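Chain residues, written in single-letter form:
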Amino acid sequence: MAKKKARKEIVLQGIAASPGVAHGRAFVFLQKELEIPIYKVEEPDQAGEIQRFEDALMRTRTQIADVRHEVAEKLGEAEAQIFDAHLLVLEDRALIEETIQEHHNTSYNIEYCFHSVSKRYLEAFKHIDDEYIKERVTDIRDVTKRLLNNLLGHCSSTIGRLTQQKILVSEDLSPSDTAALDRKQVLGILMDAGSRTSHAVIMARSLQVPAVVGLHDISRKVENEDTLLIDGYDGVVIINPTEETLYRYGQLKLQRESIQKVFESVIGLPAQTQDGKHVELLANIEGVDDLESVKQSGAEGVGLLRTEALFLRKDHFPTEEEQFELYKEIVQALYPMPVTIRTLDLGGDKKISGVFFSEDEDNPFMGFRAIRFCLDHVDIFKAQLRAILRSSAFGKVKLMYPMITSYAELSQANKILKECKAELKKKKIAFDPDIAIGSMIETPSAACTADLLAEECSFFSIGTNDLIQYMLAVDRINDRIAHMYEPNHPAVIRTLKNIVDTAHLKGIKVSVCGEMAGDPLYVPLLLGLGVDDLSTIPACLPEIKYLIRNMTIKEVQTLASKALKQTQPKAVFNLLQKFYLEHVGNVLQAQDGQE
Ligand code: PEP
Ligand code: MG
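Criteria and cut-off values
- Residues numbered from 1 in each chain as written.
- Chains lettered and ligands numbered in written order.
- Predicted model: local features only at pLDDT ≥ 70, side-chain atom pairs only at ≥ 80, totals over all residues.
- Heavy atoms only, no water.
- Donors = N, O, S within 2.8 Å, 3.2 Å for Na, K, Ca; no water.
- Helix = DSSP H or I, 4+ residues; strand = E, 2+ residues; numbered from the N terminus.
- Buried < 20%, exposed > 50% of the residue type's maximum accessible area, 1.4 Å probe, protein only.
- Domains from an automatic or database assignment.
- Contact = heavy atoms within 4.5 Å.
- Phe/Tyr/Trp six-rings, centres within 6.5 Å; stacked < 30°, edge-to-face > 60°.
- Pairing = 2+ DSSP bridges.
- Right-handed = clockwise from strand over helix to strand, strands pointing away.
- Near = heavy atom within 4 Å.
- Polar contact = N/O pair within 3.5 Å; in protein donor to acceptor, adjacent residues only side chain to side chain.
- Areas by Shrake-Rupley, 256 points an atom, 1.4 Å probe, with all protein chains shown as cover.
- 1 Å grid on protein atoms, 1.4 Å probe; cavity = no way out; pocket = protein on both sides within 12 Å on 5 of 7 lines; lining within 4 Å.
- Points joined across faces, edges and corners; volume = space filled by probe spheres on them.
- Nonpolar A, V, L, I, M, F, W, Y, C, P; charged D, E, K, R; others polar.
- Axes fitted to C-alpha atoms, helices over the stretch in contact; angles between N-to-C directions.
- Parallel < 35°, antiparallel > 145°, perpendicular 65-115°, else oblique.
- Left-handed = near helix turned anticlockwise from the far one by under 90°.
- Lys, Arg positive; Asp, Glu negative; His and termini not counted.
- Salt bridge = Lys/Arg side-chain N within 4 Å of Asp/Glu carboxyl O.
- Core = buried A, V, L, I, M, F, W, Y, C linked by side-chain atoms within 4.5 Å.

Summarising the metal site, the magnesium ion (ligand 2) is bound by the protein donors Glu442 (OE) and Asp466 (OD), whose distances to it range over 2.0 to 2.1 Å. Remark: aspartate 466 occurs in helix 18 (residues 464-472) and glutamate 442 occurs in the loop between strand 13 (436-441) and helix 16 (444-448); sequence separation between them is 24 residues. Side by side, glutamate 442 and aspartate 466 carry an identical accessibility label, which is buried.

See the structure below:
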């Protein structure tokens, strides 16, 4: 379909994913389907076309061999063997000869011929019900993409190479794409897919880049260099905004900035309710780049270091030494504040493509993820555990495991941790022998067996992002059902209450580190249910602290018991919204009145 350059102002509504107003030109980043050009090549140029193919094959082989070498060195031979399969695809004479034959028969350009032939192969293999063949399909797909990128002269991702400030428009971004972003060049993010709790979005929020997601087809509507305006507070996107619209949003931006200033006025004050309850406010971080914002936010420590971000950012698996240096840097920089380091939570939407994870997992969020991956790759797990333990000699470190679903899993992880401690002890390497161990409670099975899990750990951290998706059977990244992802659902509220009550009976503390903890609407409910600490991205902390300082524990307990009696999520929402407006509304109104 031919696209017409739109000049008229177009207003689109999506999901407000990361707050802020941004204005700038579009950079459209399409990645799902490579666009393969099709054209005829004249007879005299056909030898050159085949040479181009041979060159691309050679380049692709070298790239794969390099990756293989690196994986073998860092992770061992067994893990590197996946790339042998990739190299074999490139040696497959049938695929190569057929491509050349296709070129001779049709005179079409070589990338088009290669694309057609590999598509035929994939199609034929798709219908064969055999595990080995299924794996080959993934290999062929990976290699084909790499080869086509080489033929087309693309680098696999241009996203990290923006040289001018732009608004990034994409069908979908993976957490690795987001990790590659240069914050200085990305003014805002717009996505067809996504939801508030997809990892790419969480990362955008932590980078403080305004974002609107769930826009369905914005990547097709917008062209490079179109002018865009993003209102990340209300999830609105305006293509080709008029002068009047720009003025209106300029005013909104000023108003929001002055509201933020009021919240920030409490940064240096304690997070204490009016009736004297102190709430520990902690930060969720992804790495050293977040250290400055932790310090500026008034956080009392780190409640969640998502270590997988380090793995996604690198083009290789970080070694124990690399991890140790990084954890140590964070722990030392924040000393004497505590740093809770979570072990690898790869899988789900956090994949390192081509390595370990088949692209074809039918249900990745319920698949080979997090602690399951670690318990299956004990060497990788142990390297991380040793790195974390070693960093504990340099400050206050807590360790926690993601995606625990059973007592057996948690005790197996602890058993491996014990082995790591013994190894370090034997080598006389220092670590904190009493390091606190926590379990994330983010699966319904963990929530139901919290009493058992409490026997194997000394704190809980509730991952509401996952807990809600699993409790409600609502995929956290599917924008079509984003409206069903309801933190106010009675099933969620009751479960939170049960976890907290069980933990307290067992004498251990509970924090929440999912996105609910950073949402001022839900904070009173969580504290009313008895949650002890909250951990969220640093940018959210000033408002949360302002709210805590303006309420009492008594009133949030009343609020929570009312919420527990509701039958409908909307009724809970209304209660929470009323509470929020009663406690923070004056700030919003005062700044509104100034405009
Ligand atoms: C969660 O699930 O709430 C959580 C904090 O973990 P993540 O978002 O990294 O899955
Ligand atoms: Mg989680």
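For the protein, the domain assignment lists domain 1 (10-26 + 165-257), domain 2 (43-152) and domain 3 (265-592). Taken over C-alpha atoms, the centre of domain 1 sits 36 Å from the centre of domain 2.

What follows concerns the side chain of threonine 536. Considering the arrangement of structural elements, one finds threonine 536 in strand 16 (residues 533-536). Given the relative accessible area of 3%, threonine 536 is considered buried. Not counting residues within four places of it along the chain, the set of residues in contact with threonine 536 comprises Leu282, Ala283, Asn284, Ala517, Gly518 and Leu541.

Time to look at the packing of aromatic side chains. Where two aromatic rings form a pair, the distance of their centres and the angle of their planes describe that pair. One pass over the full model with this rule turns up six aromatic pairs. For the pair phenylalanine 324 and phenylalanine 394, a centre-to-centre distance of 5.9 Å together with 55 degrees between the ring planes defines the contact as tilted. You can see phenylalanine 324 sitting in helix 12 (residues 320-334) and its partner phenylalanine 394 sitting in the loop between helix 14 (378-391) and strand 12 (396-401), a full 70 residues away along the chain. Taking the relative accessible area as the measure of exposure, phenylalanine 324 reaches 7% and is therefore buried.

With that settled, the discussion passes to the pairing of strand 16. Alternating positions in strand 16 separate into two faces, Asp533 and Ser535 on one and Leu534 and Thr536 on the other, with burial throughout. The sheet contact formed by strand 9 (residues 280-285) and strand 16 spans four bridges and is parallel. When the bridges of strand 16 are listed, glutamate 280 appears paired with aspartate 533. In the sheet, strand 15 (residues 509-512) pairs with strand 16 via two bridges, with the strands oriented parallel. Each bridged residue has a counterpart across the sheet, and for valine 512 the counterpart in strand 16 is leucine 534. A crossover connection joins strand 15 to the parallel strand 16 through helix 20 (residues 523-528); in handedness this β-α-β unit is right-handed.

Ligand 1 sits among 17 residues. The nearest are Arg306, Arg342, Gly463, Asn465 and Arg476. Interatomic distance of 2.9 Å between a side-chain N/O atom of glutamate 442 and an oxygen atom of ligand 1. Arginine 476 places a polar side-chain atom, nitrogen or oxygen, 2.8 Å from an oxygen atom of ligand 1. Within the complex, 100% of the 290 Å² of free accessible area of ligand 1 lies under protein. Listed by contribution, the elements that provide at least two residues to the shell around ligand 1 are helix 7 (199-206), strand 10 (302-306) and helix 18.

On to empty space enclosed by the protein. Tallied over the entire structure, the rule returns three cavities of 30 Å³ or more. A volume near 70 Å³ is recorded for the largest cavity. Taken together, 14 residues line the largest cavity, and the ones lying closest to its centre are Arg306, Arg342, Glu442, Asn465 and Asp466. Contributions of two or more residues to the lining of the largest cavity are made by strand 10 and helix 18. When the residues that make up the lining of the largest cavity are grouped by side-chain class, the tally is three nonpolar, four polar and seven charged.

Contact pair helix 18 / helix 19 (residues 490-505): the axes reach a minimum separation of 10 Å and the direction vectors enclose 125 degrees. Considered as vectors, helix 18 and helix 19 are oriented oblique to each other. When you trace helix 18 past helix 19, the crossing you get is right-handed. Mapping the contact onto sequence places Thr464, Leu467, Ile468, Met471 and Leu472 in helix 18 and Ala491, Val492, Thr495, Leu496 and Ile499 in helix 19.

Moving on, we get to the side chain of aspartate 231. Structurally, the position occupied by aspartate 231 is in strand 7 (residues 227-231). One buried charged residue, aspartate 231, remains without a salt bridge, the closest side chain of opposite sign being arginine 256 at 6.2 Å. Within the structure, aspartate 231 has its side chain in polar contact with the backbone nitrogen of tyrosine 233 (distance 2.9 Å). Excluding its chain neighbours within four sequence positions, the residues that come into contact with aspartate 231 are Gly20, Val212, Val236, Tyr249 and Leu252.

The next subject is the sheet that holds strand 2 (residues 15-18). Taken in spatial order, the eight strands of this open sheet run 1-8-7-3-4-5-6-2, and their pairing is mixed. Edge positions in the sheet fall to strand 1 (10-13) and strand 2, since each has one partner strand and no second. Pairwise comparison of adjacent strand axes, ignoring direction, gives a mean angle of 30 degrees for this sheet. As paired strands, strand 3 (residues 21-29) and strand 4 (residues 166-170) are joined by four bridges and run parallel to one another. Directly across from phenylalanine 29, in strand 4, lies its bridge partner serine 170.

What the eight strands build is a closed barrel, ordered 9-10-11-12-13-14-15-16; its pairing is parallel. Going from strand to strand, the sheet's axes swing by 25 degrees on average, the running direction of each strand aside. Where strand 10 and strand 11 (residues 338-342) come together, three bridges link them in parallel fashion. Of the residues in strand 11, the one forming a bridge with leucine 305 is isoleucine 341. The strands that helix 21 (residues 541-549) touches are strand 9 and strand 16; relative to strand 9, the one it contacts most, it runs at about 165 degrees.

Here we come to the nonpolar core. Ranked by internal contacts, the top residues of the largest apolar core, which has 106 residues, are Tyr327, Phe381, Tyr401, Phe460, Leu527, Leu534 and Ile548. For this core, the element with the most residues is helix 23 (residues 569-594), which contributes seven residues. Among all residues touching leucine 534, those that are not within four sequence positions of it are Val279, Glu280, Leu281, Leu282, Val512, Ala517, Val523, Leu526, Leu527, Ile544 and Ile548. Core analysis: the second largest hydrophobic core is formed by 24 residues, Ile50, Ile64, Leu95 and Val143 among them.

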